[in-house]
Every structure is written in structure tokens, then in C-alpha cells.
Amino acid sequence: MEVSAEGLNAQDHPPNACSCSSFHKQDEPFEALRVIPNRRSRPAAFRIYMELLKRHAFTLKCHTNQPNYQMIMNSIDSVLNLSQIFGLQATEPGILVVEYILSIVWQLLDASLDDEGLLEIIPDKKSVWASEPQDMEIDGQDCCCEKNQERLQSMNTTMAIELIGQFLQNKVTSRIFYLACRNMPTHWKSFVQRIELLVVESSALRNSKVTTPEALLQLISDPQKWISQKCTSYLQEFHAGMPAGSLASFAGMCHGASRSALWLPLDLMLEDAMDGTQVTATSAIETITGLVKALQALNSSTWHDSFLGLWMSALRLIQRERDPIEGPVPRLDTRLCMLLSVTTLVVANLVEENESARTEETECISGNQFKEHVPGNRRRDLVSSLQSLGDYQSLLPPPQSVISAANQAAAKAMMFTSGMNIGSAYFECISMKDMPINCSGNLHHLIVEACIARNLLDTSAYFWPGYVNGHLNKLHHNIAAQVPGWSSFVKGAPLTPLMLNSLVSAPASSLAELEKIFEIAMEGSDDERIAAATILCGASLTRGWNIQEHTVYFITRLLSPPAPADCSKSDSHLIRHAPMLNVLLVGIASVDCVQIFSLHGAVPELASSLMPICEVFGSCVPNVSWTVTTGEEISAYAVFSNAFALLLKLWRFNHPPLEHGVGDVPPVGSRLTPEYLLLVRNSHLLSSSKVHKGHRLAAVLSSSSLSPIFLESFPKLKVWYRQHLACIVSTLSGLVHGTPVHQIVNDLLNMMFRKINRGSQPLTSVASGSSTFSGAGSEDTSLRPKLPAWDILEAVPFVVDAALTACAHGRLSPRELCTGLKDLVDFLPASLATIISYFSAEVTRGVWKPVFMNGTDWPSPATNLPNVEEQIKKILAATGVDVPSLISGGSSPATLPLPLAAFVSLTITYKLDKASQRFLNLAGPALESLAAGCPWPCMPIVASLWTQKAKRWSDFLVFSASRTVFLHNNDTVVQLLKSCYTATLGLNTTAISSNGGVGALLGHGFKSHFDGEISPVAPGILYLRVYRSIRDIMFMREESVSLLMQSVKDIACSGLSREKLDRLKKAKNGPRYGQLSLATAMTRVKLAASLGASLAWLSGGLGLVQSLIKETLPSWFISLHRSEQEEASAGSVAMLGGYALAYFAVLCGAFAWGVDSCSSASKWRPKILGYHMEFLASALDGKISLGCDPATWRAYVSGVVSLMVGCTPTWVMEVDVDVLKRLSKGLRQWNEEELALALLSGGGVNTMGAAAELIIESDM
């Protein structure tokens, strides 16, 4: 065959490429096998092969429509061994098309590299394709002279490279390459490496007049741009009106629906974590990390903005409660822990996750895998976000308690930039007042120091513009040679009382200092152990933000000291550690300390440490006691009571039986039980990597007990717990005359009422009919039973029942009842827990008559009640909820159920000192819960009584009373939720802030006094403090959807005229008319959906979200919504509603499951998501009739698919292949081919064939 150069350069193509025979296409793979290896000896044949490729490879549609298409592809596979080379099972011919197109270009690429001597440079040093010359059946021989042949070979190399560029640039084949990129990552990586080598080294590419190295490199730099832009356009609609410019509006406490509103879920979650009524078994670090990743993905935000949004939310948390109200609630220490410890650890996790991707492929892939192809960019964005943080001065003023620490951080930076690199010892020796220059610091300095301490920043941060204001020329040298402090202690100074006080009041600055204290606590003398325990529970726990998680776990370790080798089996080794254990138990008993343990995810481990202490010391006889160096005597009862009270704070043991499930209502929020805490603790042992990631303390935890712990390991605790549950679900029974328990009951009654002389009239328990006492009392302490605490606790319910019954029948006065109960609690403080358990159960049964709080028999609230009512009305003024009158007509005094009256009278007897505080922290939430479960106005009456005793708690008590307005009627909760939407969206000019946003939703916390006067509390704060007490929280499913859709209509009516809405509907290619107004509406719609999703997730957790997605949303779409159809203006409001529901649904799922597979809850996602996607597919198939507006349905489906494809690609991979194909078919029926393609492209290998065929069929 003679081929001229002119013929080879001919570019004539047939008029219709599809009219050609499929012969050429079928023969191309066979030609490639023979032509490419012989391209040097047969350059003309190679040129003809490439010309055939140019004619036919870009007209795939005519070939895939051939009746023998599948047979042809199977033949190609058998010849080229594509399935074997690429390792994919060719279940569909479309998969072979992808492999075949990639193989064609790869062969051309390897041939070009080989021609230029570059193939030896690649790691494999050879091609995966046939490279040795093969015999060719060809007519004649190439008759070109050697010079022309070399010229032709050079031209062929250039043409092959240009042809590669055409494949990468062509609309159809480039998208097929995208499929290869997603589903064959290993092969694609090798392919890209070859392209990059060609770009750098190829002289033929540099000499090409058709393409350039830069152009070829650009083609492979971002494979995602090859695929559909449709989902991107939908996402742009979601994010309309949010320019990626200034974030100045971030700083305001009260601001509108601006970019800062993107992070509203973070503000809600952080504020919700401040509720001291319940701890969590999951680390706040883990929860917030997942939340930040979800918001970053769904908002399509940069990591700079995401980090800045997180810091801003945490700073607003501080500024919201700079001067917290007094009461048994978390105060500033918990909020500072969230900002300076937890948030810093969240950032560290996110940076570490990103940087670990350099060396290993992780199971958790978040967001868009193609956007973050540069490792380590999160650290860069963190640095830039912290630099920007200094511009928001309104959020940076430090609270009074940390001004000194902030000033010290600023002074440290100033000294460093002045060339004075000093250690922490210098600041231990001088006062900040002695500094030669004013070093005024703020929270920005503390944040930067926290990041430097965790190696997220280096000291170059000190040189940021504006970070340091001033320069030091000299230091203050008139300082003491050695001052008690951490530096001198580490150098060997003895642990004197002066040193002890210094170490307790100042936090450790490094882990090394903390480890030395921990070593002393483990191996020192008894006195040294007590001192070390005292130090650990001091400032290092509450303000040692840089090492706080280590302090938490060292304390947990000390609560479970290892048993010595010589310890006998009969006596527990814990007995000898009683003084140290008691110091730890008292030291961490405050509300703030418990919340700090909770935020760091240490509650399960803490519970497992407390249970053995309770078991051992609760089994000791009371004559066992210990005397410490201060002369204080510690009894077994004291150690047990302190441990038991702390243990009970770790789950909501006191809540009434309705919360444990009534009818078909799931017991949402009540899963925190001893069994559950141990289950979580045991699960932490399964994976050391999981422990490291969640707690960052693998070394500490690995040295503790690695054995699973179960409730059966603590038989005494288990007996009490079973009795507690039985008391909740049924009336008291089971006391048998003559049994040891019966005798203990009589002994306790004699002890409690020894001063009462009733003659022959006995005190009888109605419940058992057998508990009596003689009545003749004595002051002799010998009346106190000498029994283990567990035995006494078993008898306490029968004792309280007998006393309460006697009071109800007039045989015991209210004062005598309260005095006797107080004597019982003084004798065994832990008995307060069982009293709470009994009263909480009895008050819900409704069998006790109310008693008159008349000031004679029972204390009277009359003095304070009118004032409390007025304050409640002012606090709730922003919600629109009517407050029922507290004072009934006539002169009748207030009434309370007898159990509640007894309990409140008992708590009033406590002193507000440090010793009583531990038990008031247990009794306070129980009293509020008990009163909230009683008819109105029981809680305001309780608040009135308590404010007479503790005036400094009046704000807290009145606020607690105001919350109970919402607990007796779900309609008031709905009204509160409406207020949340109205305030957030800025639709109510009478709200706290007419601008809307986070400031209007959360305001200034829940202090009732602002600027010297009582002011309304923001609706968001009220809801966050109310929802945990709502027994049927599942009603939020329907209400969330209803309120969201109502908000959409309110937004549309307030922001867009009907004329504009009509014209928006008529625009074919999107909102061309009135685009600014639509952008504003979309911003508010997204904000409303974000608020709804946040409240739904916080209120009901995983269970509510899954029920909402699986059941509520499908039911809503099926139901007929006539009013919406009548009010919708040409479908535009309906369209906005569809987008709102889509964003709401995906956000709910992202909050509950996460956007990746890191969360333990993500294991539920495939099942629940599968149900929902099956519903969508069935409706698109026409199998389900819908009652909603078609525009709403179309916007919802398109929105959900766009968000999943663009923001949560992991979710798409988990959906059934058949469902994805059906969804894709339905989208094509709406002419949404590109969105259909994007969906199939994200489905993995199983949908790759269908995606390829759609690309070819649609000629995309």
C-alpha cells in the first residue's frame, strides 16, 4: 500500500460520521494491537490508524446504537483484555466503553513517551500494552525513503500527542475520562503521571502548533470540570446572594441573615452544650468536628471561612454570658473550655485529618475529593482565619476572670518580638502590673496561644500585623530568685503547703508538668497523693485549656488506681486510697467540672471509675473512717455519698416515668443509663485508633484497664438500680414483715423521728402496712444503724413512703416530716438520691392530695409570687406566649402536691455552702423536673419559695419557672418555635433584634436583667433550655416541616412582590428578573431550613431525624396541600418551598449521620437514606401519587440530588444502583440530563456503564 504525505495530511471527513460502517470501529482494537507496536517500521499505517480514530472515536453514538453493540464490546474486551487489565467486572457494555476509550489514549500516550525515550523514566519502565512489533497483514511496504520515514515518525508523535489533547478536550470523551478518574483511581493516577511526564519532558509537545504543555496540563488538573455543571448551578441557587467577600457582619452579636448565618447551627450546638441538666456520652470534639465538616460541605465554604465561622461562634458563646447568672448551672469555666480547649481540639482534628491524607488513604472522605488535592491546605487556611480573627474586636474582650491570662499571653508575644525569649517562670515571679509597658491582651491572644501549644501554629504568629502593640527594651529585674510555682516544682522544689496553694491556683503550662503531678499521685506517700489530687482538681482542670483533656483523663485514672500485687481478694485496694479518692470526688463535683468531663467525652470512663468506688464503699460498715492531715475525719458514708451523687449526675435518673416511653412514642433523649455508659466505654476499647482520634489520649487510655465492664460486675449497684426502675414504673411494694429490710426501715424511722412522742400511736407505712416505730425518742446516736450504705438505700423508699403517708394522715406535722428527712440525709447524704427517685415517681401518680402553702404548716410563697409572675411575663415577652395567672381568685393560698411540698421544704433546709452545693447540684435539677411535671403554677411557687432563701439565685429560679410555661401544652412550644423562626429571619420588628440572625435568636443568653432592667429572653435560648423536658418531642417532626413551609411563604411575601414571583416562574433559564430579590429570598429560605434542621437534630437526635426522613417527609409530599396551591403565586413560592425542604432534609441527615463515614451514626445512613431515595424513585416512576405542588416536588428532587452529588458524594455511593438509575431516568424526563449524569457519575463502578451510555446517548 502506497501512502503519500499529502494523503496522510488530508482532513476530509465523511459528511455524516454516523453513516459509516461499524467495520472500522470494530477493527480499531485489532489495528491498535498491530499498528502501534509497529509504528516505527510502518509509520504510514500508524498515521492511517490515527486518522481513523479522529473520524470515528468522537462519534460514539452511532456505534452504541448498533444492534450488535454489546457483542462488539465483548469482542474488544476479549482481544484487549480490558477487564483483566483494569480489574473491573464488565457487567455492562458501558463499562467496557470507558475502559476502551482510556486504553486508546493510554496506548497513544505510551507510544509517544516511548518515541521520545521517556518511557524508561516512569516507575514501571514499560507499557501495560503490547510494545513488541507484530506481523501485520498489509498490502505492500512503506516505500518512503529513510529521511521521509523519520520525518513521518516525528509528525506521528506530534499528532498522537495532539490527538490525546483532543480526547481530553472533547465534550463526550472528556466526561468518560471523568468516570475513569472517579472509579479507577489507581489506573488514573498512573495515567496522569504519564501525562505530567509528557508535559515536562516532551519536545514534540513543545513544538506542537495545536496544543501546549500548559493547555494539556490544565485539561487534567481538575477532572470535575468535565462533568455536569447542572448540580453546580443548583448549588449556586442555594447559595444565592452570599458573595464570597467581606465577613464583617460575622462579628455582630445582632446581625441580619448574612454569611454569619451560615454557621447558625454551630451557635445553637455550642449553646446547647452549656445546658447543665444533662451530660453526653459523646465527646463534643467529635460532634463539633462532624458538624463543621457538614456545614463546610453543604455551604460550599472555603476552610478559611469554616475555621473563621467556628471561632466566631465560640467567641459569641463567651460574649453571650460574660457575667453568668448564679445557680446550679454551668458558668464561665465551661464556656472557656469550649472556646480554648474543645474548639482548638476540633481544629486540630480537622488539620490532622487533612494532612494524614498525604501518606495514607483514609476511610473517611469528606466533601469534594477533587477540590482538596493539595495536602495540608487546611493548616494554611487556619492561619489565615486566625489572622482575620483579630479584626473583630467586638468579640475579643476577655471576661474579668481571664484578663490576667490574656494580658500574660500578649506580654509573652511582645517579649518574643522584642528579642526576649523567656520561659513561663518569669511570669510566676512578677505581676503584670510590674511590666514596663501596658500589655493589654484579649481572647485572640489566648486562642493563638492555645493553637501554638497544640502545634497548629508557630511563634511566627507573634509577628502578625497588629498582634503586638508595643516594644520592650528591658525587663523588670527586681524579682525573687525563686517563687513557688510550676517551674520551681519541676526543678525539684518540695511540695510544701505554699507550693500546693500555688499549683492549685495556677494551671500547668505543659503536659510534662502535669505528668509529674500524676506520677506523685500514683507513687507518692498518702499525704503527697492527697496533695497531687488537690492540684489536679484545681486550676489545671478548669483553666488549663492547653492540657485540659489530659487533666480529665489523669483524674479518671486516679479514680481507678491499680491493685497492688499483695492485695487480698477479701479487701478492696480502693479502701486504702479513700482520702485521695474523696479529694477527687469533691474536687470534680461542681457543675462546671462535670460539664468539662462531658465536653471531653470522658463521661463513660468517669462512670466506669465511679461504679467500683460506689460498690466498695457502699458495702463498708460505717465504723471505717480515715483522718487526713488537716484533722478532718472521712467516713465510708462520705466517700460513698460523694461518689454516688457524682455518678447519678451522669444520667437523668430523676425524670418521671413518662419519659421512659408511653404508647408508641420512642423514649427520645433518655438513653443515658448506666448500661449505656458502660457500653460506650467498652466500645472505646475496641479500636485504639478510634480512641486516639476521639480523645487524643491513646497513651493514657491504653495504660488503664482494657477489660470490658458490665453492670453485673457491681451487684449492689445493680440491685439499687433495679429498685429505682421499679419505683418509677409502679407503686412501692415488696416489704415483708420480719425481713432485714423491714428491720432497717423501723430503725431509720426511729432515728428520724426520735424527738416525737406519739404515745401508742405508731407511724405506719400504708404501702407495706408493717413499718412502725415506738415513738419514744432519744438523742442517743446509738439509734443510728451501723449498716452498709447499700442496705440503708434499699430501705429508704419504704421509709419515705411511711413518713409521707403519716404526714398525709395528720400523724406527722410537715415540720416534723422535713426535719426527719433532713436527719436521714445528714446521716447518709446518698439517701437524697433515693428520696428524689421516690418523690419523682409519686408526684406523677396523682394519688397525693395537694397541701396549702399557707405559711403555717408549709412555707408560703405569697411574698414573692406576684413579683415572680411579673418577671416571667417580661422574660417571655418576645415569644408571644400568654402566661397563665399564678394567683387564683379569692384568698386561697397556693397549693403543691404533698411529695413536691415535702421535697421543696427539704431542699430549703440546705445551706448554700460548698459542702451542700454538691448535693444541691443533684437536687436542683430534680426539683425543677419534679415541679415542671406538676400542674401550673407549681414551678413558679417553688421559685418563689427558693428566692426567699437564695436571693442571688433569683434570676436562675425565675428563668426556670418561665420555662415550665411550655411544658404543659405543645401549642406553646409551637408558638415558641414560631418565635425562633420570626426572630432569626428578621420578620418581626418587635423582637429583640429586628435584623434577625444569630443575635436575634440567642440574644444575650438567659440572664433576665440587662442594662439594669428585666428584659425578654431570646426565643432560641428559651427553646434550648426547654426541649429536654418535653416528653413527646417527636411532635417536632411534623411541626418542623409545617413551620418551615410557613416561613417560606412569609419570606416570599415579605421580600418579593407577586408580579416578580410571576415573572420568575416564566423565566426559562433561571431567575433573570429581579435576581437580587430572589437571591435575598433564597438566603432567607436557606437560613430557615438551617434553623429547622438544627432544632430538629438537637431536639430528637438521630431517632427523630431518621423518622422525619423515612416517614414524615414522604407523608407530607403525598398529602394534599390545598391552601398552598391556592396561595402560591404561579408556583414560585412552591419552588422556594421545594428548595427549602431539600436543604432541610440533607442538613438533617448531615447533622445526624455526617457527610462522610467517620461517625458511628453513619452506619444507619444507607438504610434510612435508601428508604427515602426509593420513595423519590417510585414517585418519579409514577407508582406513587403526590399531593404537593409539582413545582415543590421538582425543586425538592432536583435540590436533594444536587446537594448529594455536589456536597455529600459518599451518600450517593451508598444508594442502591437500581434506585440511582430510576432517579436518573426520572430526571431525564424533566430534561435534566446533566443532573441525571452527575447522579450516575457519583454512583461508583456499578453505575459507570449507565453514566457512560448516557453521555454518549445525549452527546453531552
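Quantities reported herein were computed from a predicted structural model and do not represent experimental measurements. (Residues numbered from 1 in each chain as written. Predicted model: local features only at pLDDT ≥ 70, side-chain atom pairs only at ≥ 80, totals over all residues. Heavy atoms only, no water.)

Let us now look at the overall build of the protein chain. Along the protein chain, the regular secondary structure elements total 58 helices and six strands. Within the protein chain, residue pairs in contact and separated by at least 24 positions form 78% of the contacts whose partners lie at least 6 positions apart. (Helix = DSSP H or I, 4+ residues; strand = E, 2+ residues; numbered from the N terminus. Contact = heavy atoms within 4.5 Å.)

Here we take up the side chain of threonine 984. With respect to the helices, strands and loops of the structure, threonine 984 is situated in helix α45 (residues 970-985). Residue class for threonine 984 comes out buried when judged on its relative accessible area of 0%. Here the side chain of threonine 984 touches cysteine 980 through a polar contact of 2.7 Å, landing on its backbone oxygen. The residues touching threonine 984, leaving out its near neighbours within four places in the chain, are Leu264, Gly996, Gly997, Leu1001, Leu1087 and Leu1091. (Buried < 20%, exposed > 50% of the residue type's maximum accessible area, 1.4 Å probe, protein only. Polar contact = N/O pair within 3.5 Å; in protein donor to acceptor, adjacent residues only side chain to side chain.)

This brings us to the confidence of the model for the protein chain. Predicted coordinates in regions of low pLDDT should not be interpreted in detail. Mean pLDDT over the protein chain works out to 82, with 79% of the residues at or above the 70 mark. Counting contacts from residues 1-25, a segment whose pLDDT is below 50, to residues more than four positions away or on other chains yields 37 contacts. Scored below 50 in pLDDT, residues 656-670 makes 27 contacts in the model with residues more than four places away or belonging to other chains. (pLDDT = per-residue confidence, 0-100.)

Right, let's get into the pattern of salt bridges. According to the stated counting rule, one finds 34 salt bridges in the structure shown. In this structure, arginine 39 engages aspartate 114 in a salt bridge whose closest nitrogen and oxygen atoms are separated by 2.8 Å. On the criterion of sequence distance, the pair formed by arginine 39 in the loop between α2 (23-35) and α3 (43-56) and aspartate 114 in helix α7 (residues 93-115) is long-range, its members being 75 residues apart. What makes arginine 39 buried here is its relative accessible area of 5%. Overall, the relative accessible area of 27% leaves aspartate 114 in the partly exposed class. Between aspartate 114 and arginine 40 there is a salt bridge, with the nearest N and O atoms lying 3.2 Å from each other. Placement of aspartate 114 in helix α7 and of arginine 40 in the loop between α2 and α3 is noted, with a sequence separation of 74 residues between them. By sharing partners, the salt bridges in this structure join Asp267, Glu271, Arg316, Arg320, Arg335 and Arg1025 into a single network. (Salt bridge = Lys/Arg side-chain N within 4 Å of Asp/Glu carboxyl O.)

Membership of the largest hydrophobic core comes to 409 residues, with the highest contact counts inside it found for Ile288, Phe644, Trp1193 and Tyr1196. The element best represented in this core is helix α50 (residues 1075-1118), accounting for 20 residues. Among all residues touching tyrosine 1196, those that are not within four sequence positions of it are Leu1113, Phe1117, Gly1138, Leu1141, Ala1142, Ala1145, His1172 and Leu1176. (Core = buried A, V, L, I, M, F, W, Y, C linked by side-chain atoms within 4.5 Å.)

Before going further, it helps to spend a moment on the packing of aromatic side chains. Under the defined criterion, the tally for this structure stands at 32 aromatic pairs. Both rings, one in tryptophan 1097 and one in phenylalanine 1151, keep their centres 5.4 Å apart while their planes meet at 40°; by these two values the pair is tilted. Separated by 54 residues along the polypeptide, tryptophan 1097 in helix α50 and phenylalanine 1151 in helix α52 (residues 1132-1153) bring together distant segments of the chain. With respect to burial, tryptophan 1097 and phenylalanine 1151 carry one shared label: buried. Looking at lysine 516, its charged tip hangs above the ring of phenylalanine 489, at a distance of 4.9 Å from the centre. (Phe/Tyr/Trp six-rings, centres within 6.5 Å; stacked < 30°, edge-to-face > 60°. Lys NZ or Arg CZ within 6 Å of the ring centre and 35° of its normal.)

Of the consecutive residues tryptophan 936 and proline 937, the connecting peptide bond is found in the cis state with omega at 10°. Checked against the element boundaries, proline 937 lands in the loop between α42 (914-932) and α43 (938-949). In the Ramachandran plot, serine 300 falls in the positive-phi region, its phi being about 50° despite a non-glycine side chain. The residue serine 300 is located in the loop between α15 (284-298) and α16 (303-320) in this model. Residue serine 300 is classed as partly exposed on the basis of its relative accessible area of 35%.

The subject of this paragraph is empty space enclosed by the protein. Enumeration over the complete set of coordinates arrives at 15 cavities of 30 Å³ or more. In this structure, the largest cavity spans a volume of roughly 430 Å³. In this structure, the largest cavity is lined by 33 residues; those nearest its centre are Gly276, Thr277, Gln278, Pro925 and Ala926. Those elements that place two or more of their residues in the lining of the largest cavity are α29 (591-599), α42 and α47 (1019-1026). With seven residues, α42 is the single largest residue contributor to the lining of the largest cavity. A per-class count over the lining of the largest cavity returns 16 nonpolar, ten polar and seven charged. (1 Å grid on protein atoms, 1.4 Å probe; cavity = no way out; pocket = protein on both sides within 12 Å on 5 of 7 lines; lining within 4 Å. Points joined across faces, edges and corners; volume = space filled by probe spheres on them. Nonpolar A, V, L, I, M, F, W, Y, C, P; charged D, E, K, R; others polar.)

Okay, the packing of helix α36 (residues 740-752) against helix α38 (residues 814-827) next. Two numbers describe a pair of packed helices, the interaxial angle and the distance between the axes. Taken N-terminus to C-terminus, the directions of α36 and α38 make an angle of 115°; their axes are 8 Å apart at the nearest point. On the basis of the axis angle, α36 is roughly perpendicular to α38. Helix-helix and strand crossings are classified by hand; for α36 and α38 the assignment is right-handed. On α38, the residues touching Leu748, Met751 and Met752 of α36 are Gly820, Leu821, Asp823, Leu824 and Phe827. (Axes fitted to C-alpha atoms, helices over the stretch in contact; angles between N-to-C directions. Parallel < 35°, antiparallel > 145°, perpendicular 65-115°, else oblique. Left-handed = near helix turned anticlockwise from the far one by under 90°.)

This part covers α29. By the criterion of burial, α29 is predominantly enclosed, with nine of the nine residues buried. Taken together, the buried positions of α29 are occupied by Val591, Asp592, Cys593, Val594, Gln595, Ile596, Phe597, Ser598 and Leu599. Glycine 601 sits one or two residues past α29 and shows a positive phi near 70°.

Count 3.6 residues to each turn of an α-helix, and residues three or four apart come out pointing the same way. With 14 residues, α3 should cover 20 Å at 1.5 Å per step; its first-to-last C-alpha distance of 20 Å lies within 8% of that length. With twelve of its 14 residues buried, α3 lies for the most part within the structure. What α3 keeps buried is the set Pro43, Ala44, Ala45, Phe46, Arg47, Tyr49, Met50, Glu51, Leu52, Leu53, Lys54 and His56. (Expected span 1.5 Å × (residues − 1).)

Moving on, we get to the packing of helix α17 (residues 332-356) against helix α21 (residues 443-453). With their axes 10 Å apart at the nearest point, α17 and α21 run at an angle of 40° to one another. By the criterion of interaxial angle, the relationship of α17 to α21 is oblique. As α17 runs across α21, the sense of the crossing is right-handed. Where α17 abuts α21, its residues Leu339, Leu340 and Thr344 lie against Leu443, Leu446, Ile447, Ala450 and Cys451. Counted by class, the contact of α17 with α21 contains seven nonpolar, one polar and no charged residues.

With respect to the secondary-structure elements, valine 1105 resides in helix α50. For the pair formed by valine 1105 and alanine 1093, sequence separation is twelve residues and the distance between their alpha carbons is 8.6 Å. Every residue in contact with valine 1105, bar those within four places of it in the chain, is listed here: Trp1097, Cys1148, Gly1149 and Ala1152.

Below, the discussion takes up the environment of threonine 282. Relative to the elements of secondary structure, threonine 282 occurs in the loop between α14 (264-272) and α15. For the pair threonine 282 and leucine 677, spaced 395 residues apart in sequence, the C-alpha to C-alpha distance is 9.8 Å. Excluding residues that lie within four positions of it along the chain, threonine 282 makes contacts with Thr287, Ser598 and Gly601.

When you line up the elements, tryptophan 626 lands in strand β1 (residues 625-627). Taking the C-alpha atoms as reference, tryptophan 626 lies 8.5 Å from alanine 636; in sequence the two are ten residues apart. If sequence neighbours within four positions are ignored, tryptophan 626 has contacts with Ile575, Ala578, Pro579, Phe617, Glu632, Glu633, Ile634, Ser635, Ala636 and Val639. Within the structure, the side chain of tryptophan 626 is placed 3.5 Å from the backbone oxygen of isoleucine 575, a separation counted as a polar contact.

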